[in-house]
Amino acid sequence: MTSPPPGAGTSSPPGAGTSPTPGPPDPAPAVRWHVDGWQPAYGSAFDADEMGGPSAESSAQVQTDVEVPDDAWQAKSPPADLRAPDVVLLVDGVRRIDATLWTDEGNGVSHPGLAASFAAGVVRCDLRAGQAELVDWQVDRGLFTTSAVATDVSVGSIRYRVRQVNVSDPSKLALAVQAPLTELEVAVSTRVRASTQDDDDLLVVDGPLRKRRGLARTIGYIKTQRGNYLSAAHTAVVTSLRPGQRSPVFKVGTAWGGYSWYLRLPGRPGPPWAGMVRVECSTGVSKQEAIHLADLSTVTLPRFASTAYKDPRAPQNLIPIAGLERRLRALLGDPRLLHRSLTLATA
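Counting of residues starts from 1 at the beginning of each chain's written sequence and follows it residue by residue. Residue-level local features of this predicted model are given only where pLDDT is at least 70; pairs of side-chain atoms are given and counted only at 80 or more, and the full residue set underlies all totals for whole chains, interfaces and linings. With hydrogens and water excluded, all non-hydrogen atoms of the structure serve as input to the side-chain values.

Caption draft 1: Spotlight on the environment of Ala129. Considering the arrangement of structural elements, one finds Ala129 in the loop between β3 (112-126) and β4 (131-145). The sequence separation of Ala129 and Asp86 amounts to 43 residues, and the corresponding C-alpha distance is 8.9 Å. Labels follow the DSSP assignment, with helices taken as runs of H or I lasting at least four residues and strands as runs of E lasting at least two, numbered in each case from the N terminus.

Caption draft 2: Here's a closer look at unusual backbone geometry. Looking along the chain, the bond that leaves Ala314 and enters Pro315 is cis, with omega of -5°. On the secondary structure map, Pro315 appears in the loop between α4 (287-300) and α5 (319-331). Of note, Arg217 is a non-glycine position whose phi angle comes to about 50°, a positive value. Within the secondary structure, Arg217 is located in the loop between β7 (202-206) and β8 (218-222).

Caption draft 3: Representation of the pairing of β4 in the model. Two strands qualify as a pair provided DSSP detects at least 2 bridges between them. Two elements, β3 and β4, share 14 bridges in a ladder whose sense is antiparallel. Within β4, the position partnered with Gly113 by the bridge is Thr145. Linking β3 back to β4 in an antiparallel pair, the connection comprises 4 residues, with Gly130 at a positive phi of about 70°. Where β4 meets strand β6 (residues 158-164), 4 bridges bridge the pair, whose relative direction is parallel. Note that in β6 the partner of Thr145 across the bridge is Gln164.

Caption draft 4: Quick peek at the nonpolar core. We define the nonpolar core as a collection of buried residues of types Ala, Val, Leu, Ile, Met, Phe, Trp, Tyr and Cys that are connected through side-chain atoms lying within 4.5 Å of one another. The rule is simple: take the accessible area with a 1.4 Å probe, protein chains only, and divide by the maximum for that residue type; under 20% is buried, over 50% is exposed, in between is partly exposed. Counting residues in hydrophobic clusters, the biggest one holds 34 residues, and the most contacted among them are Leu90, Val204, Ile219, Trp261, Leu265, Leu301 and Leu318. Going through the elements one at a time, β2 (87-102), β3, β7, β8, β10 (259-264), β11 (276-281), α4 and α5 are the ones with two or more residues in this core. At 6 residues, α4 tops the list of elements feeding residues into this core. Note on contacts: a residue pair qualifies if any of its non-hydrogen atoms lie within 4.5 Å across the two residues. Ignoring any residue separated from it by four or fewer positions in sequence, one finds Leu265 in contact with Tyr221, Pro243, Gly275, Val277, Leu301, Pro302, Ala305, Pro315, Gln316 and Leu318. Formed by 19 residues, the second largest nonpolar core is a distinct cluster that contains Leu89, Leu114, Phe118 and Val192.

Caption draft 5: Representation of the side chain of Arg213 in the model. Examined against the element boundaries, Arg213 turns out to sit in the loop between β7 and β8. Polar contacts, as used here, are pairs of N or O atoms within 3.5 Å; protein pairs need one atom able to donate a hydrogen and one able to accept it. Residues neighboring in sequence count only if both atoms are side-chain atoms. Polar contacts involving the side chain of Arg213 include one to the side chain of Glu280, which spans 3.4 Å. What Arg213 contacts, discounting residues up to four positions off in sequence, is Trp256, Gly257, Gly258, Glu280, Cys281 and Ser282.

Caption draft 6: Representation of the pattern of salt bridges in the model. The term salt bridge refers to a side-chain nitrogen of Lys or Arg lying within 4 Å of a carboxyl oxygen of Asp or Glu. One pass over the full model with this rule turns up 20 salt bridges. Note that Arg159 and Asp152 form a salt bridge whose closest N and O atoms lie 2.5 Å from each other. For Glu183, the salt bridge goes to Lys211, with nearest N and O atoms at 2.9 Å. Here Glu183, found in helix α2 (residues 178-195), pairs with Lys211, found in the loop between β7 and β8; they are 28 residues apart in sequence, far enough to count as distant. Beyond isolated ion pairs, a larger network of salt bridges with shared partners links Arg83, Asp86, Arg124, Asp126 and Arg128.

This is how it looks when you write it as structure tokens:
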């Protein structure tokens, strides 16, 4: 049998035949997705449930010409000769539900209750020595219930004091723990500021300042953004910030308002608000002092930023804060032992 000539039976050369000509590529999608840096169990750095996250405009009155004219907003970097303070104090609190309880008041009347433990503390970071230590803390407990006749519950030397809560939805009892926790945070903040001997330290409060606006050299650190205080033009400046840069200082005109600014922490790239925190200080300081605190936060806070492989809320959950939270949770006691003891005490 004669072999076919070379090339017989092979495909046609490019361009031969009637193969269809490829059309233009599909247009690029209009929306780009990013995965939130926080682990889902911790929610999101943008609290979309309450106010739509940073895309929702706040109703607060905002003055944006505090540091620069309104039409001259741009990213701000700290002065080249500015260094972080030698001592940084950080305040935070933790809370935990130890047990869910129900009252038995006779005639079929029953009310829900939550036995909760909560604590607040201060960690002192000595940047000269490279050391951090817990310098103040306070632990408290409460029995939160809608019952008007409930009594305290004691477990050995531990006492859960009744705190009556006026809520119609029992599922919202846990929200009532935040108020006494905030009071603990205010108490330890006030004590540590009164006892400090450093006149150039910085006190960083995890969360809004609230009742701590009278404390010297103190800033509030808000890592979850619940709304956007700025116009679209100013927001564009914020989302263009590079790690270690901040927005100009602006003033929020709410009951608990103050001077404020946005700061981007170092971390992996992500959505426009990735690594963003809002920092605030009291309007009891001068405009120049507020700007100085803004610059000081820019050279101080980024060095404490956490990394994703170590912290599920990186980079906003600062390393000293994460360590403080672990220590405070340990001070709350063993949750299994407390649950078992509460079960026995109410049997």
